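Coordinate analysis (summary)
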Amino acid sequence: MANSVERKLNDLLLDEEIAGKVVVNRQPIFVSCVSNFTNFLDLFRKTLRSLELGIPCVVLGRSHTVQHSYRWTELLVDLMKEEELDLGMVTYLSAQLEDIKYVTSESVNEAGMLYTTCSRQLAKDIKSTYPKTIASTGGPNTLFTTEWTKQVQDAIRMSASIECAGQCTALRHAVVPETVKPEDVEAMFNDVTHVTSSVEALRQSAFDGVFAQHGGTSPPSSKSSDGAYIKHSTKDAYYKVSSSLPAPENGELEEYWRKVVVDVTTSAPNTPSHSEKKAKLQELAKWLIRHQPISLAVNAPRSQVFDLGRDLFETTSLVVTTIGSTDKDDAPPALSCQARPQEAECFGEFPPRKTMGVFTEYPMIIPSSNPSYDTHYQRSYLESHTGEVNGKVLPFVKDLLMDISDAAVRGYCVEILNYLIDATKENPKRGFGSDRTAIWGLQRPPMLEEYRSLIRVGAGVTLDDIAPIFLLFNATNASSQVEFSVDASNEELIDILPKYGLVLKLKIEDEDSFDQRVDHDGDNYYNVVKVPQSSDSEVTKFPMPGQFVSLYLPMGHIKSTMKNDEEFVKYFGKSEKWLKMA
């Protein structure tokens, strides 16, 4: 189903280009992907979706999976021969990382996007020499539970060992009751199944088997920056138990690709006071925002789990949140490794919002049209816009549109508004899973008190420059979650912004004061953005609305492990976290 959705999105994009509205960049792209997500999620979708719109693809080898990507490309070329397609549309490049970086950096003006799935450190390294990088980067997936039942232990063990921990949603962090001791975690990993080969695993349908002393990255050591881990006495698994949330020295929790490694935090509130429970949940929420895992699984008795799940869902911005239970057979404990884009459980591997630009140009959501990430509106089309918005908006919007001097920017703002109106007309939307229940859609930023997106407006920034961002927040129910820092010398914007009759969080300060404030109080901001100043020599590009919006607002899904869970849909569908037009 997700494959079909993406093809239809491609068809719509091509129709828009034929109509003269957009331009799809058809410079060759680079595709660097992981082997376990070849089918649909990674190599397949990024390559075939691009080929469908006539974009040449250079498939890059990976040092640890080079044979897999090469053989996949061979199969693709064979199919292209059968269909009599131009074989020059696909190239395979086998090279070491430094050579790949040399090739890409030398072709930065002749090539399009580079699409990769990798660790955050590698994504940062790649983007430093190739700015046009779209990276999916993983993160420390977390399972939260208020009870330590056998079923919950099984969920932790399976989530931690899936595909020998090579799955992007494999568990890296578990928050458990304070009664859990290291010997309990040791006993839990006793049930890890050893397999001798991938063939044996397939025969046994064992997705969570572990190869004895298998390869992968180096295991944790006592000198690890993440602290000392305990190796299981007989299994190739490592764990660390602490009452505090992981706080690695370098700020990044090591992924340990292809290794079973779990940090266990014994701080899940069970029956504490309301204030203590709230404080612990907020501490966890801020940790999740800072480290941005892909997935969060929440488990508790059914009578409690909705409230706990809502608190964590509303105060974070994860793409995948799963609600399970510890006492209901038809709502089993949630695993961290659960996401099915084919059932409308939209999926993505986003870096932390505040530092996203270090790793990727845009966050990639699945399903989506791969070529849309390098597509821009035709300026002539935007200039021809009538300025009419396809729905009801606040009165200030029309005044703001009239005050924009560049007709193309005004047209782009209308496109953004029409996108938001359409996307929030039914928000959330319901998935169609066969054995669990999901809802999904655009969301507001984390709903933590005094936790905002900070937009810096420099001395030369104009209303035209900030209008699209301004509308994202102030035309929706996210208006209370943004703060504008305006340079004291920018008198034009200081005078005009209050004109729109909005209650704005507006701080007037110079650049040094702004930088000092961010350095001192940066942890209290979800996102910090410096609005670029347009110039006469620079041709402004207007990306597709979905990509633009994704830079500022989160999206994703939340699901119940129960089939046809109407109680879940009703409860979480009413959450104020879902984005709405104001």
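Residues numbered from 1 in each chain as written. Predicted model: local features only at pLDDT ≥ 70, side-chain atom pairs only at ≥ 80, totals over all residues. Heavy atoms only, no water.

1. Let's talk about the overall build of the chain
We count it as follows: By definition, any uninterrupted DSSP run of H or I lasting at least four residues is a helix, any uninterrupted run of E lasting at least two residues is a strand, and each is numbered from the N terminus. In this description the radius of gyration comes from C-alpha coordinates, and the expected globular size is given by 2.2 Å times residues to the power 0.38. Each residue's exposure class comes from its accessible area (1.4 Å probe, protein chains only) as a fraction of the maximum for that residue type: buried when under 20%, exposed when over 50%, partly exposed otherwise.
Per the secondary structure count, the chain includes 19 helices and 25 strands. Over its C-alpha atoms the chain spans a radius of gyration of 24 Å, differing by no more than 12% from the 25 Å that the globule rule assigns to 582 residues. Counting only C-alpha atoms, the chain reaches 70 × 65 × 45 Å along its principal axes. A total of 582 residues make up the chain; the buried ones form 56% of that total.

2. Comments concerning the packing of helix 4 (residues 97-106) against helix 5 (residues 120-129)
The criterion, for reference: In this analysis an axis means a line fitted to C-alpha atoms, helices contributing only their contacting stretch, and an angle means the value between N-to-C directions, from 0 to 180 degrees. Each helix crossing is assigned a hand: it is left-handed if the near helix lies turned anticlockwise from the far helix by less than a right angle, otherwise right-handed if that turn is clockwise. Only heavy atoms matter for contacts: two residues are in contact if any of them lie within 4.5 Å across the pair. Residues are grouped as follows: Ala, Val, Leu, Ile, Met, Phe, Trp, Tyr, Cys and Pro are nonpolar; Asp, Glu, Lys and Arg are charged; every other residue, Gly included, is polar.
Between helix 4 and helix 5, the least distance of the axes is 9 Å, while the angle of their chain directions is 35 degrees. Crossing of helix 4 against helix 5: the hand is right-handed. Touching Leu97, Lys101 and Ser105 of helix 4 are Leu122, Asp125 and Thr129, all from helix 5. Looking at side-chain class alone, the contact of helix 4 with helix 5 contains 2 nonpolar, 2 polar and 2 charged residues.

3. A short note on the packing of aromatic side chains
For clarity, the threshold we go by: Two aromatic rings, drawn from Phe, Tyr or Trp (for Trp, its six-membered ring), form a pair once their centres lie within 6.5 Å of each other, and the interplanar angle then sorts them: stacked below 30 degrees, edge-to-face above 60, tilted otherwise. Any Lys NZ or Arg CZ found within 6 Å of a ring centre and within 35 degrees of that ring's normal is scored as a charge over the ring.
All told, the structure shown has 20 aromatic pairs when counted by the stated rule. Considering the side-chain rings of Phe548 and Tyr552, the 5.4 Å spacing of their centres and the 55 degrees angle between planes classify their relative orientation as tilted. Neither Phe548 nor Tyr552 differs from the other in exposure class; each is buried. Ring centres 5.1 Å apart and planes at 65 degrees place the aromatic pair Tyr571 and Phe572 in the edge-to-face group. The class for Tyr571 is partly exposed, based on a relative accessible area of 23%. Among the aromatic residues, ring-to-ring pairing joins Tyr377, Tyr381, Tyr412, Phe542, Phe548 and Tyr552 into one connected group. Geometry around Trp440 places Lys429 over its ring, the cationic atom sitting 5.4 Å from the centre.

4. Let's talk about the confidence of the model for the chain
Should pLDDT be low for a region, the predicted coordinates there are not to be read in detail. The cut-off we apply is this: A score between 0 and 100, pLDDT records how confident the predictor is in each residue.
Summary statistics for the chain give a mean pLDDT of 90 and a share of 95% for residues scoring 70 or more. Taken element by element, the chain is modelled with least confidence in helix 8 (residues 198-204), mean pLDDT 79, and with most confidence in helix 19 (residues 566-573), mean pLDDT 98.

5. Regarding the sheet that holds strand 12 (residues 237-242)
Worth spelling out the cut-off: For two strands to be treated as a pair, DSSP must find no fewer than two bridges joining them.
Spatially, 11-12-13-8-7-14-15-25-20-19 is the arrangement adopted by the 10 strands of the open sheet, whose pairing is mixed. In the strand order of this sheet, the two ends are held by strand 11 (230-231) and strand 19 (429-430), each with one partner. Here 2 bridges tie strand 19 to strand 20 (residues 437-442), and the two strands are oriented antiparallel to one another. Counterpart to Lys429 in the pairing with strand 20 is Trp440. Running over the sheet, helix 6 (residues 150-161) touches strand 7 (141-145), strand 8 (171-177) and strand 13 (260-268) and is turned about 165 degrees from strand 8. The strands touched by helix 19 within the sheet are strand 15 (320-323), strand 19, strand 20 and strand 25 (555-560), with strand 20 carrying the most contacts at an inclination of about 20 degrees.

6. Description of the side chain of Thr360
As a reminder, the rule being used: Here a polar contact is taken to be a pair of N or O atoms separated by no more than 3.5 Å, where protein atoms must pair a possible hydrogen donor with a possible acceptor and residues adjacent in sequence count only if both atoms sit in side chains.
Along the chain, Thr360 turns up in the loop between helix 11 (356-359) and strand 17 (365-366). In terms of polar contacts, Thr360 uses its side chain to reach the backbone carbonyl oxygen of Thr133, at 3.4 Å. If we skip the residues at most four places from it in the chain, Thr360 touches Lys127, Thr133, Ile134, Ala135 and Pro351.

7. Concerning the sheet that holds strand 22 (residues 482-486)
Here we have 4 strands laid out as an open sheet, ordered 23-22-21-24, and parallel in their pairing. The sheet terminates laterally at strand 23 (506-508) and strand 24 (525-530), the two strands that pair on one side only. For this sheet, the mean inter-axis angle between neighbouring strands, taken without regard to orientation, is 20 degrees. Where helix 17 (residues 511-521) meets the sheet, its contacts fall on strand 21 (452-457), strand 22, strand 23 and strand 24, and the angle it forms with strand 24 comes to roughly 155 degrees.

8. Side note on helix 2 (residues 43-52)
For an α-helix, the turn length of 3.6 residues means that residues three or four places apart are oriented alike. With respect to burial, helix 2 is a largely interior element, 7 of its 10 residues being buried. The complete set of buried residues in helix 2 reads Leu43, Arg45, Lys46, Thr47, Arg49, Ser50 and Leu51. Trailing helix 2 by a residue or two, Gly54 shows a phi angle of about 80 degrees, which is positive.

9. Comments concerning helix 19
Worth spelling out the cut-off: Note that the arc is computed from the directions linking the helix axis to the C-beta atoms.
The set of residues buried in helix 19 consists of Phe568, Val569 and Phe572. One side of helix 19 holds all its buried residues, which, seen down the axis, span an arc of 100 degrees. Looking at the buried residues of helix 19, the elements they touch are helix 10 (302-314), strand 15, strand 19, strand 20 and strand 25.

10. Re a nonpolar patch on the surface
The line we're drawing: Patch criteria: residues need more than 30% relative accessible area and no salt bridge. Like-charged residues are merged within 9 Å; nonpolar side chains of Val, Leu, Ile, Met, Phe, Trp and Tyr are merged within 5 Å. Areas reported as accessible are Shrake-Rupley estimates using a 1.4 Å probe. Residue values count occlusion only from the protein chains shown. A pair is scored as a salt bridge if a Lys or Arg side-chain nitrogen falls within 4 Å of a carboxyl oxygen belonging to Asp or Glu.
A contiguous nonpolar patch, built from Val5, Leu9 and Leu12 and spanning about 230 Å² of accessible area, is present on the exposed surface. On the secondary structure map, Val5 appears in helix 1 (residues 2-18).

11. Overview of the side chain of Lys577
Let me state the cut-off plainly: Charged-residue counts in this description rest on Lys and Arg as positive and Asp and Glu as negative, His and the chain ends being excluded.
Mapped onto the elements, Lys577 comes out in the segment after helix 19. For the buried residue Lys577, which engages in no salt bridge, the nearest side chain bearing the opposite charge is Glu314, 8.6 Å off. The residues contacting Lys577, other than those within four sequence positions of it, are Phe313, Glu314, Thr316, Ser317, Gln443, Arg444, Pro445, Pro446, Met447 and Pro554.

12. Things to note about the pairing of strand 13
For strand 13, a buried count of 9 out of 9 residues is recorded, marking the element as mostly surrounded by other parts of the structure. As paired elements, strand 8 and strand 13 share 5 bridges and run parallel to each other. What sits directly across from Pro177, in strand 13, is Ala268.

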